[in-house]
Amino acid sequence: MTEPADERFWIRVHTALASRHALLLEESYVRNAARWHRITPDNLDTVRASLGPRALLTVWPDLTPDVGAVLAALSQEESIEFVWEAQDGTISHAIVDDTDYEELSAHVADARAACALPLSLAEHHPLLCAALPDSDGVLRARW
């Protein structure tokens, strides 16, 4: 990833928010570690100010409020990243495969929204993706 999360990137995020009202932002700050944020036009600036340096930012469509439908649509043949929002607003994620679905269903029974994201690079199609430049505007992170 060599695209910087500069002002052009944030304009694209604002444009996407205008048509969708909410999006899911994955903030990867080290390999295999991420924080998730539900962004809206009202909280975008606050979330943006809290992002870690040199993070890889991946923007996805918003979570779906029908958690049961997301669970029912899970493929029996591949691993996925399951992302959900708890009743208190915290967002969690887990890598799961079909052997974990029953336990996952019980774990997210009270979730208010969720989504399943593919792990396969061939199916991995985020809306936007960029890396945060350093405070001097230079992109030093290489993902």
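Figured I'd write up the structure that's included with this text. No experiment lies behind these values; they were computed from the predicted model shown. One numbering rule holds for all chains: residues counted from 1, following each sequence as written. Per-residue local features are limited, in this predicted model, to residues with pLDDT of at least 70; the limit for side-chain atom pairs, both in listing and counting, is 80 or more; totals at the level of whole chains, interfaces and linings are taken over all residues. Values shown for side chains rest on all heavy atoms present in the structure; no hydrogens or waters enter the calculation.

**Concerning the overall build of the protein**
Assigned secondary structure in the protein consists of 4 helices and 7 strands. Runs of H or I in DSSP of at least four residues are treated as helices and runs of E of at least two as strands, each being numbered from the N terminus. From first element to last, N terminus to C terminus, the protein shows the α and β order α-β-β-α-β-α-β-β-α-β-β. Restricting the calculation to C-alpha atoms gives the radius of gyration, and the globule rule supplies 2.2 Å times the number of residues raised to the power 0.38. The C-alpha radius of gyration computed for the protein amounts to 16 Å, which stays within 12% of the reference 15 Å derived for 143 residues, consistent with globular compactness. Each principal axis of the C-alpha distribution contributes one length, and for the protein these read about 50 × 30 × 25 Å. Working definition: with a 1.4 Å probe on protein chains only, accessible area under 20% of the residue-type maximum means buried, over 50% means exposed, and in between means partly exposed. Every one of the 143 residues in the protein was classed for burial, and the buried ones make up 41%. Contacts: residue pairs with any heavy atoms within 4.5 Å of one another. Taking the intrachain contacts of the protein between residues at least 6 apart in sequence as the baseline, contacts between residues at least 24 apart amount to 67%. Positive residues here are Lys and Arg, negative ones are Asp and Glu, while His and the chain termini are left out of the count. All charge positions are set by atom: Lys at NZ, Arg at CZ, Asp at CG, Glu at CD. Here the protein carries 11 positive and 23 negative side-chain charges, and the mean point of each set is 13 Å from the other.

**So, the nonpolar core**
Residues F9, W10, V13, I39 and L57 are the most contacted members of the largest nonpolar core, which totals 18 residues. Looking at this core element by element, the count peaks at 5 residues for helix α1 (residues 7–20). Once residues lying within four places of it in the same chain are set aside, the contact partners of V13 are L23, I39, L44, V59 and L128. Here, the term nonpolar core denotes a set of buried Ala, Val, Leu, Ile, Met, Phe, Trp, Tyr and Cys residues that are joined through side-chain atoms within 4.5 Å.

**Describing the layout of surface pockets**
Cavities and pockets were defined on a 1 Å grid built from protein atoms only: a cavity is a group of points that admits a 1.4 Å probe but offers it no way out, a pocket is an open group of points flanked by protein on both sides within 12 Å along at least five of seven lines, and a lining residue is one with an atom within 4 Å of any such point. Grid points are joined across faces, edges and corners, and a volume is the space filled by probe spheres set on the points. Volume-wise, the largest pocket comes out at about 540 Å³. Residue polarity follows a fixed list, in which Ala, Val, Leu, Ile, Met, Phe, Trp, Tyr, Cys and Pro are nonpolar, Asp, Glu, Lys and Arg are charged, and the others, Gly among them, are polar. Classifying every residue of the lining of the largest pocket gives 14 nonpolar, 5 polar and 3 charged.

**A look at the pairing of strand β6 (residues 113–118)**
Burial within β6 is extensive, with 5 of its 6 residues counted as buried. Here, any two strands with at least 2 DSSP bridges between them count as paired. Where strand β4 (residues 80–85) lies against β6, 6 bridges are found, and the strand directions are antiparallel. Counterpart to V83 in the pairing with β6 is C115.

**What about the packing of aromatic side chains?**
Two aromatic rings are characterised by how far apart their centres lie and by the angle between their planes. Only Phe, Tyr and Trp rings are paired, with Trp represented by its six-membered ring, and only when their centres lie within 6.5 Å; those with planes under 30 degrees apart are stacked, over 60 edge-to-face, the remainder tilted. Overall, the coordinates contain 2 aromatic pairs when judged by the stated rule. Measuring from ring centre to ring centre gives 5.0 Å for F9 and W10, while their planes differ by 80°; the resulting arrangement is edge-to-face. On the numbers, 6.0 Å between centres and 40° between planes, the contact of F82 with W84 is tilted. A relative accessible area of 9% places W84 in the buried class.

**Considerations on the sheet that holds β4**
Two strands in a sheet stick together by hydrogen bonds in their backbones, pointing the same way (parallel) or opposite ways (antiparallel). The strand order across the open sheet formed by 3 strands is β5-β4-β6, and the pairing between neighbours is antiparallel. Edge positions in the sheet fall to β5 (91–96) and β6, since each of these pairs with one other strand and no more. In this sheet, adjacent strand axes meet at a mean angle of 20° when their direction is disregarded. Simply put, an axis is a line fit to the C-alpha atoms, just over the touching stretch for a helix, and the angle between two N-to-C directions goes from 0 to 180 degrees.

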